[in-house]
Amino acid sequence: MSGVQTLTVGADEGDQRLDRWFRKHFPHIPQGRIDKMCRKGEIRVDGGRVKGNTRVEAGQEVRIPPLPDTAAPEVHKSTTYVSDADAKMMRDAVIFRDDDIIALNKPHGLATQGGSKTTRHVDQLSEALRFGLEDRPRLVHRLDKDTSGVLLLARTRMAAKALTEALRHKATRKIYWAAVAGVPQPRRGIIKFALVKAPGHGARGQGEKMLCVHPRDVAETDGAKRAETRFSTLSALGGRVSWVALEPVTGRTHQLRAHMAELGHPIIGDGKYGGSGQENLGDGWGAGLGEEIGRKLHLHARSMSFRHPITGVDMTVTAPMPAHMAHTWDFLGWERGEAPDDPFEDLI
């Protein structure tokens, strides 16, 4: 049996529940015992009584009562299975890594998080991205399953908290590349249609879509949320298809896809918002380009600019396009190197 101890919450351990912090330090103590010690006042934080769900912060002192002795805890072993092929795929997707963050070029078709029928996703496969750390990296934002490109993960709790705050306060910038039907007129500008969720047709709302709401109708539309997207046409092939840069000022579900479809220029390969019935301002042929161009969604998170959560250094991470989009660009003769670093410099 150990004696009374006082431990200080580490710099990278803040903003988490006390019981979870406790179990990391004393993995042999069951949850029920932790709850009981809290109820009896045996575990205290900065001298005060606490509950198991109390959140601790870096620098706080935790009183640890006498605990039963045990053998040294085993080295953490994950129960999450990741195949060798998936592990290689995830590691090959890393485009930046340091002690605090990882940036992935998320593949098209890979979900960011799990769902009722989604068991293979970045959050699960990030088990392969520990690179020697005890915990797997944490998601701080997401991309749609069929959208490729830059996805940030935090390797520490402190980095996750800082990045989440930066995203919440719009202290980051994300620029997407897309191929869209027709040519937007005007060729650049700002879309300010609000978005409201329309229920899907499945038992659990599968197939739900976001509907655009004109700014004048927002006050009368229940559930409508402000949404804003900057767009800039970088190149066009006649009136049939355009290479467009997009920057979401807000971060609503399916925002870029719904906004471009509302303009009449759905993103190529978008079966949800730009199917064959989509009326557009090009030739009226929906979001397809024929047999030479694949039917996969042509939307790619090209770059993300942010301040490093620990060092404070301003960073921009850029992700190469997926194979199906690279093929389209080559087929249409669009030179990727000719795109400006910031297509929205005079729109901000």
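Bear in mind that the values here come from a model prediction, so they are computed numbers and not experimental data.

Side note on the overall build of the protein
For the protein, the helix and strand inventory stands at seven helices and 18 strands. Taking all 348 residues of the protein together, 46% fall into the buried category. A separation threshold of at least 6 residues defines the contact pool for the protein, and within that pool the share at least 24 residues apart is 66%. Accessible area of the protein: about 18100 Å², with a carbon and sulfur share of 47%.

Quick look at the sheet that holds strand E4 (residues 48–49)
The strands that make up a sheet are held in pairs by hydrogen bonds between backbone atoms, and each pair lies either parallel or antiparallel. Overall, antiparallel pairing links the four strands, which are arranged E1-E6-E3-E4 in an open sheet. Each edge of the sheet is formed by a strand with only one pairing partner; in this case those strands are strand E1 (5–8) and E4. One ladder, built from two bridges, connects strand E3 (residues 44–45) with E4; its direction is antiparallel. Note on E4: the bridge partner recorded for Arg 44 is Arg 49. With respect to the sheet, helix H1 (residues 18–25) is in contact with E1, E3 and strand E6 (61–64), its orientation differing from that of E6 by roughly 65 degrees.

Regarding the UniProt feature "active site" (unreviewed entry) in the protein
Here the UniProt feature "active site" (unreviewed entry) sits at Asp 144. For Asp 144, the position within the fold is in the loop between strand E9 (138–139) and strand E10 (148–154). In this structure Asp 144 touches Lys 106, His 254 and Arg 257, once residues within four positions along its chain are discounted.

Some words on the nonpolar core
Core analysis: the biggest nonpolar cluster contains 29 residues, and Met 90, Leu 104, Val 122, Tyr 176, Leu 246, Ile 267 and Leu 299 have the highest contact counts within it. Among the elements that make up this core, the one with the highest residue count is strand E11 (residues 173–181) (three residues).

Quick notes on the side chain of Asp 86
Mapped onto the elements of the fold, Asp 86 is located in helix H3 (residues 84–92). Look at Asp 86 and you get buried, because its relative accessible area is 15%. Discounting chain neighbours no more than four positions away, the residues touching Asp 86 are Arg 120 and Leu 125.

Remarks on the pattern of salt bridges
Two side chains of opposite charge can pair, provided their charged atoms sit close to one another. If you walk through the whole model with that rule in mind, you get 21 salt bridges. One salt bridge connects Glu 57 with Lys 161, and the closest N-O pair in it is separated by 3.6 Å. Highlighted residues: Glu 57 in the loop between strand E5 (55–56) and E6 and Lys 161 in helix H5 (residues 157–168), separated in sequence by 104 residues. Exposure remark for Lys 161: the relative accessible area of 39% places this residue in the partly exposed category. Taken together, the salt bridges that share partners define one network made up of Arg 142, Asp 144, Arg 257 and Asp 270.

Observations regarding helix H7 (residues 323–332)
Of the positions making up H7, those classed as buried are His 324, Met 325, Ala 326, Thr 328, Trp 329 and Leu 332. Residues of H7 that are buried in the fold lie against E11, strand E15 (229–237), strand E16 (241–248) and strand E17 (299–307). Looking one or two residues beyond H7, the residue adopting positive phi is Gly 333, at roughly 75 degrees.

Some remarks on the packing of aromatic side chains
A complete count under the given rule lists five aromatic pairs for this structure. Geometrically, the ring pair formed by Phe 22 and Phe 26 is tilted, given 5.0 Å between the ring centres and 45 degrees between the ring planes. The residues Phe 22 and Phe 26 share a single accessibility class, namely buried. Ring centres of Trp 177 and Trp 243 lie 5.1 Å apart, and the angle between their planes is 75 degrees; on these two criteria the pair is classed as edge-to-face. A residue pair is termed long-range when its members are at least 10 positions apart, and Trp 177 in strand E11 and Trp 243 in strand E16 qualify at 66 residues.

Overview of the environment of Ala 160
Looking at where Ala 160 falls in the secondary structure, it is placed in helix H5. Look at Ala 160 and you get buried, because its relative accessible area is 11%. Residues Ala 160 and Asp 100 lie 60 residues apart in sequence; the distance between their C-alpha atoms is 8.7 Å. The contacts of Ala 160, once residues within four sequence positions are left out, are Arg 138, Val 140 and Ala 154.

Calculation notes
Residues numbered from 1 in each chain as written. Predicted model: local features only at pLDDT ≥ 70, side-chain atom pairs only at ≥ 80, totals over all residues. Heavy atoms only, no water. Helix = DSSP H or I, 4+ residues; strand = E, 2+ residues; numbered from the N terminus. Buried < 20%, exposed > 50% of the residue type's maximum accessible area, 1.4 Å probe, protein only. Contact = heavy atoms within 4.5 Å. Areas by Shrake-Rupley, 256 points an atom, 1.4 Å probe, with all protein chains shown as cover. Pairing = 2+ DSSP bridges. Axes fitted to C-alpha atoms, helices over the stretch in contact; angles between N-to-C directions. UniProt positions renumbered as here; feature names shortened; annotations may be inferred. Core = buried A, V, L, I, M, F, W, Y, C linked by side-chain atoms within 4.5 Å. Salt bridge = Lys/Arg side-chain N within 4 Å of Asp/Glu carboxyl O. Phe/Tyr/Trp six-rings, centres within 6.5 Å; stacked < 30°, edge-to-face > 60°.

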